[in-house]
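Listed below, chain by chain, are the residues.
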Amino acid sequence: MGFIALIPARAASTRLPDKPLADIGGKPMVVRVAERAQACGASRVLVATDTPRIAQAVRAHGHEALLTRADHPTGTDRLAEAAEQLGLDDAQIIVNVQGDEPLIEPALIDAVADLLAQRPDAAIATCACPLADAQALFTPSIVKVVCGADGRALYFSRAPIPWARDALSDGAQRLAPGLPAWHHIGLYAYRVGFLRRYPSLPQGELERFESLEQLRALEHGHTIVVHKTPTPPAAGVDTPEDLARVRAVFANKV
């Protein structure tokens, strides 16, 4: 069974209103994301949005789009509705490709889908890369993941984990040599059966305090496996500066 790439996209954004429709080299950003997803091994690529203007823009460029409700608290909830609309089987694998990642590598999408297919014990697959430096380790906006020997995610946190007790005993902020510190990358593959259950799972204390929705799955006993990639992917678009950087990349490709 192949996998389906779903791209959640909504117009509301505090820093970049109408972000999915931001022009990048003559095409909306969400269309650029869909083009990247089309280059992976997905059997189907769709954009799931609550905004008719976004759906119209996606379809105008030859891609599939479906409309979802506007009241979903997370992108995962939006994907759950999309899976219901599509009538997908519980065993079907869906990859959540963020709508603000116009430079995402198609091979990375394939990797998380393949990992989940190989791990029937898991509900979710995601990915991580080595932390770049001590600043990254101690920056709360950079999410860290600790994994078990079998590749399962043990915990995700905004805190510096794992804690190198001896290396940090003097209060300095440093990256201890050999520390298995991994930067979590927000790309997820799900089994549809889990997506159907996700909206009914109550938010746990860990998710509430860390503000990390993947912790809801761990708190309720679902297994997340992690694909480790040696190099960090290109950064997504969160700010006007990010948008300018990505526009420059596409301009240089012409």
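In the annotation of an unreviewed UniProt entry, the chain is listed under the name 3-deoxy-manno-octulosonate cytidylyltransferase and assigned to Orrella dioscoreae. In UniProt, the chain has this text filed under Pathway (unreviewed entry): "Nucleotide-sugar biosynthesis; CMP-3-deoxy-D-manno-octulosonate biosynthesis; CMP-3-deoxy-D-manno-octulosonate from 3-deoxy-D-manno-octulosonate and CTP: step 1/1." What UniProt records for the chain under Function (unreviewed entry) is the sentence "Activates KDO (a required 8-carbon sugar) for incorporation into bacterial lipopolysaccharide in Gram-negative bacteria."

Colleague: Residues and numbers for the pairing of strand β4 (residues 44–49), please.
Modeller: Of all six residues in β4, five are buried; the element is thus mostly enclosed. As paired strands, strand β1 (residues 3–9) and β4 are joined by six bridges and run parallel to one another. Residue pairing for β4: P8 is matched across the bridge by A48. Pairing of β4 with strand β5 (residues 64–67), which is carried by four bridges, proceeds in the parallel orientation. Following the sheet pairing, A48 is matched in β5 by L66. Note on the crossover from β4 through helix α2 (residues 52–60) to β5: the handedness is right-handed.

Colleague: Residues and numbers for unusual backbone geometry, please.
Modeller: Residue I161 is joined to P162 through a cis peptide bond whose omega torsion reads -10°. As for its position among the elements, P162 is in the loop between β9 (153–157) and β10 (182–191). The backbone of D18 sits at a positive phi, close to 60°, despite the residue not being glycine. Examined against the element boundaries, D18 turns out to sit in the loop between β1 and β2 (23–24). Its identity is not glycine, yet S211 carries a phi of approximately 60°, on the positive side. If you trace the backbone, S211 turns up in the loop between α7 (205–210) and α8 (214–219).

Colleague: Please provide a residue-by-residue account of helix α3 (residues 75–86), values included.
Modeller: Because an α-helix completes one turn every 3.6 residues, residues spaced three or four positions apart along the sequence face the same direction. Compared with the 16 Å implied by 1.5 Å per residue over 12 residues, the 16 Å span of α3 between its first and last C-alpha is a close match. For α3, the complete set of buried residues consists of T76, D77, R78, L79, A80, E81, A82 and A83. Among the structural elements, β1, β4, β5, β6 (93–96), β10 and α6 (192–197) are those in contact with the buried residues of α3. A positive backbone phi angle near 65° is found at G87, which sits one or two residues after α3.

Colleague: Would you mind going over the environment of L206 in detail, with residue names and values included?
Modeller: Within the fold, L206 resides in helix α7. A relative accessible area of 38% places L206 in the partly exposed class. A C-alpha to C-alpha distance of 36 Å links L206 and A39, two positions 167 residues apart in sequence. Excluding residues within four positions of it along the chain, L206 makes contact with Y155, S211, L215 and E219.

Colleague: I'd like a description of the side chain of R216, backed by residues and values.
Modeller: Among the secondary structure elements, R216 is positioned in helix α8. For R216, a relative accessible area of 8% translates into the label buried.

Colleague: Could you give me a rundown of helix α1 (residues 29–38), with the residues and numbers involved?
Modeller: Taking burial as the measure, the 10 residues of α1 include seven buried ones, the bulk of the element. Looking only at α1, the buried set comprises M29, V30, V31, R32, V33, A34 and A37.

Colleague: Run through the pairing of β6, naming residues and quoting values.
Modeller: The two faces of β6 match: I93 and V95 on one face and I94 and N96 on the other face are all buried. Relative to β6, β1 is paired through four bridges, and the arrangement is parallel. The partner of A5 across the bridge, within β6, is V95. Summarising the sheet, β6 and β10 pair through four bridges and their orientation is antiparallel. What sits directly across from V95, in β10, is A189.

Scoring rules and cut-offs
Residues numbered from 1 in each chain as written. Predicted model: local features only at pLDDT ≥ 70, side-chain atom pairs only at ≥ 80, totals over all residues. Heavy atoms only, no water. UniProt positions renumbered as here; feature names shortened; annotations may be inferred. Buried < 20%, exposed > 50% of the residue type's maximum accessible area, 1.4 Å probe, protein only. Helix = DSSP H or I, 4+ residues; strand = E, 2+ residues; numbered from the N terminus. Pairing = 2+ DSSP bridges. Right-handed = clockwise from strand over helix to strand, strands pointing away. Expected span 1.5 Å × (residues − 1). Contact = heavy atoms within 4.5 Å.

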